[in-house]
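Chain by chain, the residues run as shown.
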Amino acid sequence: MVVPESQEKMYYPPVELQRNAHVPDFNSYLVMYKKSLENPEAFWREVADEFFWKKPATGPMLQHNFDMTKGNIFVNCMEGAKTNMCYNVLDRHVKEGKLGEKVAYYWEGNSPDHHMTITYRQLLSHVCRCANVLKQMGVKRGDRVSIYLPMIPELIVTMLACARIGAVHSIVVRKVTFNHPMPRDKGQDKVLCVYGVYRGEKLINLKQISDEALEKCREKLLLVMGLSPWNMNPKMYKSCIKSIIQDMQVSSQRDVWWDEVMRDSPDECEPEWMDAEDPLFILYTSGSTGKPKGVVHTVAGYLLYTSLTFRYVFDHHPDDVYWCTADIGWITGHSYITYGPLANGATSVLFEGLPVHPHVGRFWEIIEKYKVTKFYTAPTAIRLAEHQILGTVGEPINPEAWRWYHEVVGQGRCPVVDTFWQTETGGHVLTPLPAATPLKPGSATFPFFGVEPAILNEHGEELEGVTEGYLVFRKPWPGIMRTIYKNQELFENTYFRKFPGFYVTGDGCRRDKDGYYWITGRIDDMLNVSGHLMSTAEVEAALMLHQSVSEAAVVSRPHKVKGECLYCFVTLKDSKEFNCKLVEDLKRLVREKIGPIATPDFIQNAPALPKTRSGKIMRRILRQIARNEKDLGDLSTLADPKVVEVLFNQRSEAA
Ligand code: WT7
């Protein structure tokens with residue numbers, strides 16, 4: 001890697017920012033990066049030194065095996081150490097750091113009239129009370145707790161309460177779809193927290209949605225329901241309670257009301273001292289087979305990594321007001337609303353609502369209101385805002401949206417950090433550092449400390465210099481996932497089988513002449529719509545549920561706001577007719593089964609699908625048909641090349 005000297009337009013860090021930055025220039029980045037790879041032991045030990053360890057590590061900072069041919073895949077960080085996540089992100093600041101009166105969160109409700117401020121001391125007190133409530137309800141170290149809450153302070157409180165008593169939280173993704181099937185293997189879950197909530201104008205009854213799951217397995221239910229003063233005004237509260245209580249069966253043996261139990265609960269609770277490699281949480285993400293995978297993250301490594309990435313990637317300083325617009329139900333919220341910011345004693349905005357409610361300028365209004373200095377959001381949100389304000393979207397979309405964000409929103413003064421990572425990586429892995437890295441719109445630039453990327457070809461050979469291929473990582477960083485919940489075999493097969501010795505991301509990647517990395521998108525059977533991953537298999541399975549469909553294949557197609565959208569090919573059973581009603585039915589079916597985010601934009605009739613002689617659907621070809629790219633290249637592996645022509649001819653009928 002060299003200091004980039006490029007002819008194309010680069011965006012250099014503003015000098016004012018560099019003066020006071022943690023990593024003030026590109027050369028400092030290179031020096032630190034080199035150290036992180038050459039001496040990871042010293043590098044990570046220094047990071048660990050600022051945290052509290054009840055017992056120091058007896059083993060090295062990082063041990064691992066990434067080669068399936070040599071034994072089980074594992075990563076082990078700080079063997080022998082004992083600590084507590086909650087202690088490190090709260091007590092440490094309040095007791096040692098004198099940050100008790102500092103604001104941890106500015107909570108902003110769905111309605112602009114609802115807001116509150118929570119200091120570190122208040123948060124600690126709530127968390128301890130909640131931890132005692134959980135214990136009272138029978139939750140023990142190692143138990144799993146499912147949490148189903150909107151973006152309200154109670155969500156953060158319950159997460160941290162779990163971390164405090166050593167319970168493993170599993171937050172149910174809520175934003176994409178309210179009828180997302182709850183993962184089936186939840187027999188051991190102790191508590192489910194539910195709530196009725198307004199999203200924009202709409203009341204969502206989460207209680208009803210989760211009733212079915214409750215029937216099956218939950219022992220106890222902690223109800224968090226609009227009783228706290230900050231949640232809504234009295235009028236809204238009344239109507240909310242009314243409509244929820246109507247069809248809610250509150251069981252006195254099973255259900256506990258938040259306000260009642262919290263009021264009587266003591267606000268001191270000794271943290272449970274956990275082993276470094278004990279699980280902290282499980283978070284479900286799409287699997288390429290269509291079945292969600294429970295990604296497991298562990299205490300010590302995740303603490304070190306989210307804390308360090310937060311500090312450097314957002315160049316965090318004590319007087320910052322930081323806002324990440326993600327939902328906590330996603331890894332982005334876990335790492336960069338809860339754990340990373342709190343580990344740094346940061347002040348964050350926590351926003352319950354939608355960017356367009358009650359008006360399209362809500363985001364910018366909140367930024368003004370709290371004087372937000374660091375803002376972290378998704379490209380989809382940027383494209384949406386850009387669309388609304390300028391009324392135009394150029395091609396290619398990504399650099400265009402980048403420039404708009406940089407020039408219009410950031411007034412040319414604010415670096416845009418395009419962070420590449422995954423639920424599995426725990427934190428940013430390819431990312432610029434705002435005062436150090438010259439930016440190229442659309443590139444996630446360079447690896448973070450301790451991260452060693454490589455680009456491989458199909459045969460697993462490493463490609464040097466300017467190239468494109470599979471993005472893989474050669475060794476672990478502390479925050480990488482440890483396994484898939486109850487499925488080590490799937491973990492090894494998914495991420496390590498293809499190229500022994502490497503963690504395989506599933507993304508394609510290009511490296512340019514200056515060494516910049518550019519993510520080119522998924523190269524497995526996954527789709528990314530508005531930043532939400534789903535598998536082709538999942539959507540296909542939903543389509544196949546329709547009685548007229550005999551076969552389905554789904555690919556992505558670029559979309560000006562969503563980034564990618566779904567283009568579905570369906571083959572109908574004999575005698576079934578392809579018409580508007582069928583298309584509408586299919587769209588509804590997918591929406592119901594997976595969620596609104598998965599609603600297909602296009603459904604095309606496919607009398608037959610392009611297949612290899614062994615019967616494998618050739619998605620590359622379908623992708624090109626969806627994009628109307630006529631130059632299809634080599635079709636010699638197709639069983640019946642005529643299929644392609646038919647599909648091109650029927651293309652115009654796609655609806
Ligand atoms: C997939 C991971 C970012 C964490 C939340 C999503 C895509 C992620 C970027 C980026 C291009 C990106 C990849 C990745 N992705 N960041 N900066 N540029 N693509 O986590 O749901 O696990 O999705 O999101 O395809 O594999 P996730």
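Since the model is a prediction, treat every value here as computed from it, not as a measurement. Counting from 1, residues in each chain are numbered in the order their sequence is written. Where local features are concerned, this predicted model is filtered to residues with pLDDT of at least 70; where side-chain atom pairs are given and counted, the filter is 80 or more; whole-chain, interface and lining totals use all residues. Note: side-chain values were computed over all heavy atoms of the structure, leaving out hydrogens and water.

Caption draft 1: Region of interest: the overall build of the protein. Secondary structure follows DSSP: runs of H or I at least 4 residues long count as helices, runs of E at least 2 residues long count as strands, and numbering of each begins at the N terminus. Scanning the protein for helices and strands turns up 19 helices and 28 strands. Expressed as a percentage of the 655 residues in the protein, the buried residues total 60%. For the protein, long-range pairs separated by at least 24 residues make up 70% of all intrachain contacts whose partners lie at least 6 apart in sequence. Accessible surface computed for the protein: about 26800 Å², of which carbon and sulfur atoms make up 51%. Summary of the burial criterion: residues with accessible area below 20% of their type's maximum are buried, those above 50% are exposed, and those between are partly exposed, where the area comes from a 1.4 Å probe applied to protein chains only. Contact between two residues is taken to exist if any of their heavy atoms lie within 4.5 Å; hydrogens are not considered. Residue-level accessible areas treat just the shown protein chains as cover; the underlying method is Shrake-Rupley with a 1.4 Å probe.

Caption draft 2: Main features of the sheet that holds strand β18 (residues 374-376). Here, any two strands with at least 2 DSSP bridges between them count as paired. With mixed pairing, the 5 strands of this open sheet are ordered in space as β5-β4-β17-β16-β18. Taken across any chain shown, the strands that pair with only one partner, and hence form the sheet edges, are β5 (115-119) and β18. Direction aside, neighbouring strands of the sheet carry axes that sit 20° apart on average. Of the pairings in the sheet, the one linking strand β16 (residues 321-324) to β18 comprises 3 bridges and is parallel in character. An axis is simply a line fitted to the C-alpha atoms; with a helix, the fit covers only the stretch in contact. Between two such axes, the angle follows the N-to-C directions and lies from 0 to 180 degrees.

Caption draft 3: The UniProt feature "domain: AMP-binding enzyme C-terminal" (unreviewed entry) in the protein, seen in detail. UniProt positions are given in the numbering used here, feature names are shortened, and annotations may be inferred rather than shown by experiment. Per the UniProt annotation, the sites labelled "domain: AMP-binding enzyme C-terminal" (unreviewed entry) are residues 538-616. In residues 538-616, the share of helix is 27% and the share of strand is 32%. The end C-alpha atoms are 17 Å apart.

Caption draft 4: Broad picture of the pattern of salt bridges. Salt bridge criterion: a side-chain nitrogen from Lys or Arg within 4 Å of a carboxyl oxygen from Asp or Glu. Inspection of the entire model under this criterion finds 29 salt bridges. Between Lys 35 and Glu 46 there is a salt bridge; the shortest N-O distance is 3.2 Å. Of the two residues, Lys 35 is situated in helix α2 (residues 26-38) and Glu 46 in helix α3 (residues 40-48); the sequence distance between them amounts to 11 residues. Using a relative accessible area of 33% as the deciding quantity, one classes Lys 35 as partly exposed. Residue Arg 311 pairs with Glu 50 through a salt bridge whose shortest N-O separation is 3.0 Å. You can see Arg 311 sitting in helix α10 (residues 299-313) and its partner Glu 50 sitting in the loop between α3 and β1 (63-65), a full 261 residues away along the chain.

Caption draft 5: Geometry of helix α17 (residues 580-593). Between the first and last residue of a helix there are one fewer steps than residues, each counted as 1.5 Å, and that sum is the expected span. Taking 1.5 Å of rise per residue, 14 residues should cover 20 Å, and α17 covers 20 Å from first to last C-alpha, within 8% of that figure. Of the positions making up α17, those classed as buried are Leu 582, Val 583, Asp 585, Leu 586, Lys 587, Leu 589 and Val 590. Those residues of α17 hidden inside the fold are in contact with α16 (536-544), β26 (549-559), β27 (563-572) and β28 (602-605). Among the residues trailing α17, Gly 595 stands out with phi positive, at a value near 135°.

Caption draft 6: The packing of aromatic side chains, seen in detail. Pairing of aromatic side chains requires ring centres within 6.5 Å, counting the rings of Phe and Tyr and the six-membered ring of Trp. Pairs whose planes differ by under 30 degrees are stacked, by over 60 edge-to-face, and all others tilted. All told, the structure shown has 45 aromatic pairs when counted by the stated rule. Taking 5.7 Å as the distance between ring centres and 20° as the angle between the ring planes, the aromatic pair formed by Tyr 29 and Tyr 33 counts as stacked. Separated by 4 residues within a single helix, Tyr 29 and Tyr 33 lie in helix α2, roughly one turn from each other. The two residues Tyr 29 and Tyr 33 agree in class, both being buried. In this analysis the charged atom, NZ for Lys or CZ for Arg, is taken to sit over a ring once it is within 6 Å of the ring centre and within 35 degrees of the ring normal. The ring of Tyr 11 has Lys 9 lying over it, and the distance from NZ or CZ to the ring centre is 4.8 Å. Looking at Lys 440, its charged tip hangs above the ring of Tyr 516, at a distance of 4.5 Å from the centre.

Caption draft 7: Local environment of the site of the ligand. Definition of nearness: a residue and a molecule or strand are near each other if at least one heavy atom of the residue lies within 4 Å of the molecule or strand. Lining the immediate surroundings of the ligand are 14 residues, of which Asp 418, Thr 419, Thr 423, Asp 507 and Arg 522 lie closest. In this structure, an oxygen atom belonging to the ligand sits 2.7 Å away from a side-chain N or O atom of Thr 423. Separating an oxygen atom of the ligand from a side-chain N or O atom of Asn 528 is a distance of 3.4 Å. Here the ligand loses 82% of its free accessible area of 550 Å² to cover by the protein chains. Within the residue set of the shell around the ligand, elements represented by two or more residues are α11 (331-343) and β23 (517-522). Polar contact is the term for a pair of N or O atoms within 3.5 Å; when the atoms are in protein, one must be able to donate a hydrogen and the other to accept it, and sequence-neighboring residues count only if both atoms are side-chain atoms.

Caption draft 8: Molecular detail of the side chain of His 428. As for its position among the elements, His 428 is in the loop between α14 (397-409) and β19 (453-456). His 428 sits in the buried class, given a relative accessible area of 0%. When residues no more than four places from it in sequence are discounted, the contact partners of His 428 are Tyr 305, Thr 309, Val 313, Phe 314, Tyr 336, Tyr 376, Thr 419, Phe 420, Trp 421 and Phe 448.

Caption draft 9: The pairing of β19, seen in detail. Neither face of β19 is open: one carries Pro 453 and Ile 455, the other Ala 454 and Leu 456, and all of them are buried. With 4 bridges connecting them, β19 and strand β20 (residues 467-473) associate as antiparallel partners. When the bridges of β20 are listed, Leu 456 appears paired with Tyr 470.

Caption draft 10: Quick peek at the environment of Thr 483. The topology assignment puts Thr 483 in strand β21 (residues 483-484). A relative accessible area of 18% means that Thr 483 is categorised as buried. Those residues within four positions of Thr 483 in sequence are excluded, and the remaining contacts are Gly 294, Val 295, Val 296, Gln 488 and Phe 491. Among the polar contacts made by the side chain of Thr 483, one reaches the side chain of Gln 488 at a distance of 2.7 Å.

Caption draft 11: Broad picture of unusual backbone geometry. Following His 357, the chain continues to Pro 358 via a peptide bond in cis, the omega torsion being -5°. Along the chain, the position of Pro 358 falls in the loop between β17 (347-351) and α12 (362-370). Positive phi outside glycine occurs at Met 78, with the angle close to 60°. Relative to the helices and strands, Met 78 is located in the loop between β2 (74-76) and β3 (82-83). For Met 78, a relative accessible area of 3% corresponds to the buried category. Backbone geometry at Thr 445 places phi at a positive 60°, although glycine is not the residue there. Among the residues examined, Thr 445 registers a relative accessible area of 0% and is labelled buried.

Caption draft 12: Geometry of the sheet that holds β23. Taken in spatial order, the 4 strands of this open sheet run β19-β20-β22-β23, and their pairing is antiparallel. Of all the strands in the sheet, the pair left with one neighbour each is β19 and β23. Strand-to-strand twist of the sheet, defined as the mean angle between neighbouring strand axes without regard to direction, takes the value 45°. Taken together, the 6 bridges between β20 and strand β22 (residues 503-511) define a ladder with antiparallel strand orientation. Paired with Val 472 across the bridge in β22 is Val 504.

Caption draft 13: Quick look at a nonpolar patch on the surface. Nonpolar side chains (Val, Leu, Ile, Met, Phe, Trp, Tyr) within 5 Å and like charges within 9 Å form the patches, drawn only from residues with over 30% relative accessible area and no salt bridge. Side chains of Val 356, Val 360 and Leu 384 sit close together on the surface and give an oily, nonpolar patch of about 220 Å² of accessible area. As for its placement among the helices and strands, Val 356 is situated in the loop between β17 and α12. Assessed through its relative accessible area of 38%, Val 356 is described here as partly exposed.

Caption draft 14: Region of the structure containing the pairing of β5. Here strand β4 (residues 103-108) pairs with β5 via 5 bridges, running antiparallel. Residue pairing for β5: Tyr 105 is matched across the bridge by Ile 118. Taking the residues that link successive antiparallel strands as the turn, the β4-β5 hairpin has 6 residues.

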